[in-house]
Structures are given as C-alpha cells and as structure tokens.
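Chain and residue survey
Take a look at the letters that make up each chain.
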Amino acid sequence: MGQGRAAVLQALEDGGTTSEAARRAGVTSATVSEHVRILREAGLTASVRDRNTMLHVPTPLGLSLLTANRSGEVRRRGTESEEAVVC
C-alpha cells in the first residue's frame, strides 16, 4: 500500500468524515474520497452516509493492518512506498 493511502487509513483509525480525514492526513477531500473508495473496495474501510456527510471507519481487516504496522510486522519491499504485511 502506498504512503498516501496508508495515511488516509491511519487518519480514519477512529472513524471520521471525508473532511476530517483530509485534515488529519494533510490532503484534499477529493484525494481522501478516491483513497477511501479503493480502501473500501479492498475491504479495509466501510462508509455510511449520514444526511449529506459520509462517515468512514476501518473494518477489522483495516484495523489489523494498522496494528501490524505499529507492531513492526510490516516490512518494506520493492520501492520505499510499497509495504506488505508479514503473516
């Protein structure tokens, strides 16, 4: 997973809106929307609409990836922006 997408996943660790995640990750809302779409398709986040606001939360799989990253179970491979979880 690239650094930008990983930053968005981390910004959503406690859940939040697109705007909140953008502020936490230091990117635009449009960038967050695109990353969240891909994270959702990968099963790493879930999103629900509340009126005109999208709320995003990591799934259990997304949380386990964040936990693995913090505990050092993620290793670098290939280029610096590629990471893989060691199972």
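Structure first, text after, so check above.
A short tour of the structure in this document, coming up. Small disclaimer: the values here were computed from a predicted structure and weren't measured.

Moving on: the overall build of the protein. For the protein, the helix and strand inventory stands at 4 helices and 5 strands. Along the protein, helices and strands appear, N-terminal first, in the series α-β-α-α-β-β-α-β-β. Going through the 87 residues of the protein one by one, you find that 28% of them count as buried. Partitioning the contacts of the protein with sequence separation of at least 6, the portion at a separation of at least 24 is 42%.

Right, let's talk about the nonpolar core for a bit. Soluble globular proteins tend to bury their nonpolar side chains together. V8, L9, A11, L12, A21, A22, V32, V36, L39, L44 and L66 together form the largest nonpolar core, which totals 11 residues. Sorting the residues of this core by element identifies helix 1 (3–11), helix 2 (18–25) and helix 3 (29–41) as the ones contributing at least two each. Setting aside chain neighbours within four positions, we find A22 in contact with V27, T28, S29 and V32.

Taken in spatial order, the 3 strands line up as 1-3-2 in an open sheet, and their pairing is antiparallel. Since the sheet does not close on itself, it has two edges, and those belong to strand 1 (16–17) and strand 2 (45–50), each with one partner. As judged from the 2 bridges shared by strand 1 and strand 3 (residues 53–58), these two strands associate in the antiparallel manner. Counterpart to G16 in the pairing with strand 3 is H56.

Here the focus is the packing of helix 1 against helix 2. At a minimum axis separation of 9 Å, helix 1 and helix 2 run at an interaxial angle of 120°. When the axis of helix 1 is compared with that of helix 2, the two are oblique. Where helix 1 crosses over helix 2, the two elements pack in a sense that is right-handed. Touching A7, V8 and A11 of helix 1 are A21, R24 and A25, all from helix 2. Counted by class, the contact of helix 1 with helix 2 contains 5 nonpolar, no polar and 1 charged residues.

Let's shift gears to the pattern of salt bridges. For the structure shown, the criterion picks out 3 salt bridges. A salt bridge links E34 to R37, with the nearest nitrogen and oxygen atoms 2.6 Å apart. In this pair, E34 and R37 are both assigned in helix 3, 3 residues apart and thus about one turn of the helix distant. Judged by its relative accessible area of 38%, E34 falls in the partly exposed class. The exposure class of R37 is partly exposed, given its relative accessible area of 33%. Linked through salt bridges whose partners overlap, the residues forming this network are E34, R37 and E41.

Cut-offs used in this document
- The numbers attached to residues start from 1 for each chain and follow its sequence in the written order.
- Thresholds applied to this predicted model are a pLDDT of at least 70 for local features of residues and 80 or more for the giving and counting of side-chain atom pairs; totals over whole chains, interfaces and linings are not thresholded and use all residues.
- Only hydrogens and water are set aside when side-chain values are computed; all heavy atoms of the structure are taken into account.
- Helix numbering and strand numbering both begin at the N terminus, where a helix is a DSSP run of H or I of at least 4 residues and a strand a DSSP run of E of at least 2.
- Exposed residues in this analysis have more than 50% of their type's maximum accessible area, buried residues have under 20%, and partly exposed residues fall in between, with area computed by a 1.4 Å probe over protein chains only.
- Any two residues whose heavy atoms approach within 4.5 Å are treated as being in contact.
- Joining through side-chain atoms within 4.5 Å is the link that ties buried Ala, Val, Leu, Ile, Met, Phe, Trp, Tyr and Cys residues into a set, and such a set is a nonpolar core.
- For two strands to pair, DSSP has to find at least two bridges joining them.
- Angular values range over 0 to 180 degrees, each being the angle between N-to-C directions of two axes fitted as lines to C-alpha atoms, with helices fitted over their stretch in contact.
- These descriptions rest on fixed angle ranges, namely under 35 degrees for roughly parallel, over 145 for roughly antiparallel, 65 to 115 for roughly perpendicular, and the rest for oblique.
- Handedness of a helix crossing follows the sense of rotation of the near helix relative to the far helix, less than a right angle counterclockwise being left-handed and clockwise being right-handed.
- Put simply, Ala, Val, Leu, Ile, Met, Phe, Trp, Tyr, Cys and Pro go in the nonpolar bin, Asp, Glu, Lys and Arg in the charged bin, and everything else, Gly too, in the polar bin.
- Put simply, a salt bridge is a Lys or Arg side-chain nitrogen that is within 4 Å of an Asp or Glu carboxyl oxygen.

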